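Below, each chain spelled out in residue letters.
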Amino acid sequence: MITTQRVLKALSKHGSRALLRVKTALGAAKDRHCPACGQDVAGFFRYGTEAEWGCIACGASPRERLMHALLDSGRITLPNGGAILHCAPNEASLVRRFSAGAGDYVPADIDPARYDVPGMQRLDLMAMADEARFDRIYASHVMEHVPDDRLVLRNMLRALKPGGEAWLLVPLWKRPSEDGPADLSGRERERRFGQWDHVRQYGRDFSDRIAAAGLEVELIDAGSLPADQVRRMALADTLFRARHPA
Ligand SMILES: [Zn+2]
């Protein structure tokens, strides 16, 4: 659905990106770094209300950069030869990174035709029946789309091996989580939750739902990383690290 809000966001993204290209061409200092593509850049382009959102070299978002920064530092790890479920694999740099050392890499979405990723599979997380199959599940900006997130979290727990981890990122606001009624219109969802196909908006209490499903949860905020790294890489967002109790 094309909405005014989407068009305005895209226009501001375009303008900011073009401006940064001009600045780079004019010799602006490349004092920023993108851990997704490994390049030094003059800055990150604006998207919506976020002034430093996308990498001008590869387009990586703040949450995409956060994942690379956490993996680079060893704060989170990918097991060699492990089984990884990559939900809604929109971020090309993470497709490469997750699939590189995996023994069983599963890129999946409820609508696989939307992705140009080899081996895409159709997966409805609400009907996922896998048991103790995955070492890692990555779902970034997925949970705010699923009608029954508590069911999906229980399915993830079952699909993880003991000690396995689900890495979850969701749009957050400062208020407690709010679910919309099932029959909410696209317009009304956009008004309340920021996008026409978001069925809820999470707050930090998302962690309570993860814990209620039986997973151990740790919040990793971008702001908890060294300040100079956060500035240089323009890191933002919060990773909900959900672990299957070993
Ligand atoms: Zn980049």
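Just above, that's the structure.
Keep in mind it's a predicted model, so treat the numbers as computed, not measured. (Residues numbered from 1 in each chain as written. Predicted model: local features only at pLDDT ≥ 70, side-chain atom pairs only at ≥ 80, totals over all residues. Heavy atoms only, no water.)

Asker: When you look at helix α2 (residues 62-73) in this model, what are you seeing that I'm missing?
Answerer: Think of an α-helix as turning once every 3.6 residues; residues three or four places apart then point the same way. For α2, with twelve residues, the first-to-last C-alpha span of 16 Å sits near the 16 Å given by 1.5 Å per residue. Of all twelve residues in α2, ten are buried; the element is thus mostly enclosed. Where α2 ends, the next residue or the one after it, Gly74, has phi of about 80 degrees, a positive value. (Helix = DSSP H or I, 4+ residues; strand = E, 2+ residues; numbered from the N terminus. Expected span 1.5 Å × (residues − 1). Buried < 20%, exposed > 50% of the residue type's maximum accessible area, 1.4 Å probe, protein only.)

Asker: What should I look at first to understand the pairing of strand β3 (residues 44-47) in this one?
Answerer: The two faces of a sheet get side chains in turn, since along a regular strand they alternate between them. Across three bridges, the pairing between β3 and strand β4 (residues 50-55) is antiparallel. When the bridges of β4 are listed, Tyr47 appears paired with Glu50. The turn joining β3 and β4, which pair antiparallel and follow one another in sequence, is formed by two residues; a positive phi near 60 degrees is taken by Gly48. (Pairing = 2+ DSSP bridges.)

Asker: Would you mind showing me how to read the coordination of the zinc ion here?
Answerer: Four donors placed tetrahedrally around a metal ideally meet at 109.5 degrees, and six donors placed octahedrally ideally meet at 90 or 180 degrees. Protein coordination of the zinc ion is provided by Cys34 (SG), Cys37 (SG), Cys55 (SG) and Cys58 (SG), with donor distances spanning 2.3 to 2.4 Å. Around the zinc ion sit four donor atoms, and with donor-metal-donor angles ranging over 103 to 113 degrees the site reads as tetrahedral. For Cys37, a relative accessible area of 30% translates into the label partly exposed. (Donors = N, O, S within 2.8 Å, 3.2 Å for Na, K, Ca; no water. Tetrahedral: all angles 85-135°; square planar, octahedral: opposite > 155°, others 65-115°.)

Asker: Mind showing me how you'd approach helix α5 (residues 186-193) here?
Answerer: For α5, the set of buried residues is Gly186, Arg189, Glu190 and Phe193. Seen along its axis, α5 keeps its buried residues to an arc of 100 degrees; they face one direction. Opposite the buried face of α5, by more than 90 degrees, sit the exposed residues Arg187 and Arg191. Directly beyond the C-terminal end of α5, a positive phi value near 85 degrees is found at Gly194. (Arc of directions from axis to C-beta.)

Asker: Explain the pairing of strand β5 (residues 83-87) here, please?
Answerer: Across the five residues that make up β5, a large majority, five, are buried. Neither face of β5 is exposed, since Ala83, Leu85 and Cys87 on one face and Ile84 and His86 on the opposite face are all buried. By the bridge criterion, five bridges tie β5 to strand β6 (residues 104-109) in an arrangement that is parallel. Bridging from a neighbouring strand, Ile84 pairs with Tyr105 of β6. The parallel pair β5 and β6 is bridged by helix α3 (residues 92-100), and the resulting crossover is right-handed. The pairing of β5 with strand β8 (residues 134-140) spans four bridges and is parallel. Of the residues in β8, the one forming a bridge with Cys87 is Ala139. (Right-handed = clockwise from strand over helix to strand, strands pointing away.)

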